[in-house]
Amino acid sequence: MPGELVFAHAGFGACAVPYPDGWELQRRLHDRRAAGQIPDTCLLLEHEPVYTAGRRTEPVDRPLADPGIPVIDVDRGGKITWHGPGQLVGYPIMALPEPLDVISYVRSLEEALIRCCADVGVTTTRVEGRSGVWLTGDGGPDRKVGAVGIRVSRGVTMHGFALNCDCDLGWFDKIVPCGIRDAGVTSLTVEAGRPVTVAEITGLAERHLAEVFGTSAWRRADVASLLAGAELSPAAP
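The rules we used
- Residues numbered from 1 in each chain as written.
- Predicted model: local features only at pLDDT ≥ 70, side-chain atom pairs only at ≥ 80, totals over all residues.
- Heavy atoms only, no water.
- Axes fitted to C-alpha atoms, helices over the stretch in contact; angles between N-to-C directions.
- Helix = DSSP H or I, 4+ residues; strand = E, 2+ residues; numbered from the N terminus.
- Parallel < 35°, antiparallel > 145°, perpendicular 65-115°, else oblique.
- Left-handed = near helix turned anticlockwise from the far one by under 90°.
- Contact = heavy atoms within 4.5 Å.
- Core = buried A, V, L, I, M, F, W, Y, C linked by side-chain atoms within 4.5 Å.
- Buried < 20%, exposed > 50% of the residue type's maximum accessible area, 1.4 Å probe, protein only.
- Pairing = 2+ DSSP bridges.
- Right-handed = clockwise from strand over helix to strand, strands pointing away.
- Expected span 1.5 Å × (residues − 1).
- Polar contact = N/O pair within 3.5 Å; in protein donor to acceptor, adjacent residues only side chain to side chain.
- Phe/Tyr/Trp six-rings, centres within 6.5 Å; stacked < 30°, edge-to-face > 60°.

Caption draft 1: Inspection of the packing of helix H2 (residues 102-119) against helix H4 (residues 198-212) at higher detail. Following both chains from N to C, one finds H2 and H4 inclined at 140°, their axes separated by 9 Å at the closest point. The pairing of H2 with H4 is recorded here as oblique in orientation. The chirality of how H2 crosses H4 is right-handed. In this structure, H2 uses Ser108, Leu109, Glu111, Ala112, Arg115, Cys116 and Asp119 to contact H4, whose residues at the interface are Ile201, Leu204, Ala205, Arg207, His208, Leu209, Glu211 and Val212.

Below you can see the structure in the form of structure tokens.
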């Protein structure tokens, strides 16, 4: 998918984005991308704590009691997961070429995450039949460090990936993450044996996403510029 790719930082840390606001932002940018008004765009952010339940979520996957944070049903594939501080979330809003190859797109997202993990000394892989990025083969149960869940409408992607950097893994104990009962969830901080922050991973994610999608150039822009259609200023990779 050659061409330009724009990255927009929607909010991190104290400015973490409430999930409904991020979802509405996705929809607005999706409409503009489908109309050809903006280039391929990837939102990068942290969310305030939230559980999001994809279309295949079953009742037994959900929290058994009030978890103290919102549980929001969303229109992506997959099942339930958690988003919150210490987790890098990426929402690529990209026009896929014809004929649509959604599997190839998902594999590209996974490859970008695998490369990010490798850059901080964590070796990850794919697991047959399960999306996302995993640690396997070390004598313990498989552990997911990066989740992928997408939607494609009018040939343009929404939703995307979440990479656990230094988040509180206790949130995952209240659900069946991604509907998978025979595996665990981990973070880069746990696996690397040192703090691996969202700030450290964000620049790596930009570079690797641009690489895996074969973009000829990438830029950063603020969200307001994208919504207004303003001229975007190049940023050095």
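Caption draft 2: Highlighting the nonpolar core. With 35 residues, the main nonpolar core has Leu88, Leu109, Phe161, Leu163, Leu188, Ile201 and Leu209 as its most contacted residues. At the level of elements, strand E1 (4-11), strand E2 (40-45), H2, strand E8 (130-135), strand E9 (143-153), strand E10 (156-164) and H4 are the ones that each hand at least two residues to this core. The leading source of residues in this core is H2, at 8 residues. Ignoring sequence-local partners within four residues, the contact set of leucine 209 consists of Leu5, Phe7, Cys42, Leu109, Ala112 and Phe161.

Caption draft 3: Here's a closer look at the environment of leucine 96. Secondary-structure assignment places leucine 96 in the loop between strand E6 (87-93) and H2. Taking C-alpha positions, leucine 96 is 39 Å from glycine 139, a pair spaced 43 residues apart along the chain.

Caption draft 4: A look at the pairing of E1. As paired elements, E1 and strand E12 (residues 217-220) share 4 bridges and run parallel to each other. Within E12, the residue paired with phenylalanine 7 across the bridge is arginine 220. Note: E1 against E2, 6 bridges, orientation parallel. From the neighbouring strand, phenylalanine 7 faces E2, where its bridge partner is cysteine 42. In this fold, the crossover linking E1 to E2 by way of helix H1 (residues 19-34) has right-handed handedness.

Caption draft 5: Geometry of H2. When the terminal C-alpha atoms of H2 are compared, their 26 Å separation across 18 residues agrees well with the 26 Å that a helix rising 1.5 Å per residue should span. Along H2, the residues classified as buried are Tyr105, Val106, Ser108, Leu109, Glu110, Ala112, Leu113, Ile114, Cys116 and Cys117. A positive phi of about 85° marks glycine 121, the residue just after H2.

Caption draft 6: Examining the side chain of threonine 215 more closely. On the secondary structure map, threonine 215 appears in the loop between H4 and E12. Residue class for threonine 215 comes out buried when judged on its relative accessible area of 16%. Looking at threonine 215, its side chain comes within polar contact range of the main-chain oxygen of alanine 210, at 3.1 Å.

Caption draft 7: View of the packing of aromatic side chains. The full count for this structure, using the stated rule, is 6 aromatic pairs. Ring centres of tyrosine 19 and tryptophan 23 lie 6.0 Å apart, and the angle between their planes is 55°; this geometry places the pair in the tilted category. Residue tyrosine 19 and its partner tryptophan 23 are located together in helix H1, separated by 4 residues, close to a single helical turn. Geometrically, the ring pair formed by tryptophan 82 and phenylalanine 172 is edge-to-face, given 5.6 Å between the ring centres and 70° between the ring planes. Taken as a pair, tryptophan 82 in strand E5 (residues 80-83) and phenylalanine 172 in the loop between E10 and strand E11 (184-185) lie far apart in primary sequence, 90 residues in all. Relative accessible area serves as the criterion here: at 0%, tryptophan 82 is assigned to the buried category. Here phenylalanine 172 falls in the buried class, since its relative accessible area comes to 7%. Among the aromatic residues, those joined into a cluster by ring pairs are Tyr51, Trp82, Trp171 and Phe172.

Caption draft 8: Up close: the sheet that holds E5. Here 3 strands make up an open sheet; going across it, the order is E4-E3-E5 and the pairing mixed. The open sheet has two edge strands with one neighbour each: strand E4 (71-73) and E5. For this sheet, the mean inter-axis angle between neighbouring strands, taken without regard to orientation, is 25°. Taken together, the 4 bridges between strand E3 (residues 50-53) and E5 define a ladder with antiparallel strand orientation. Across the sheet, valine 50 pairs through a bridge with histidine 83, a residue of E5.

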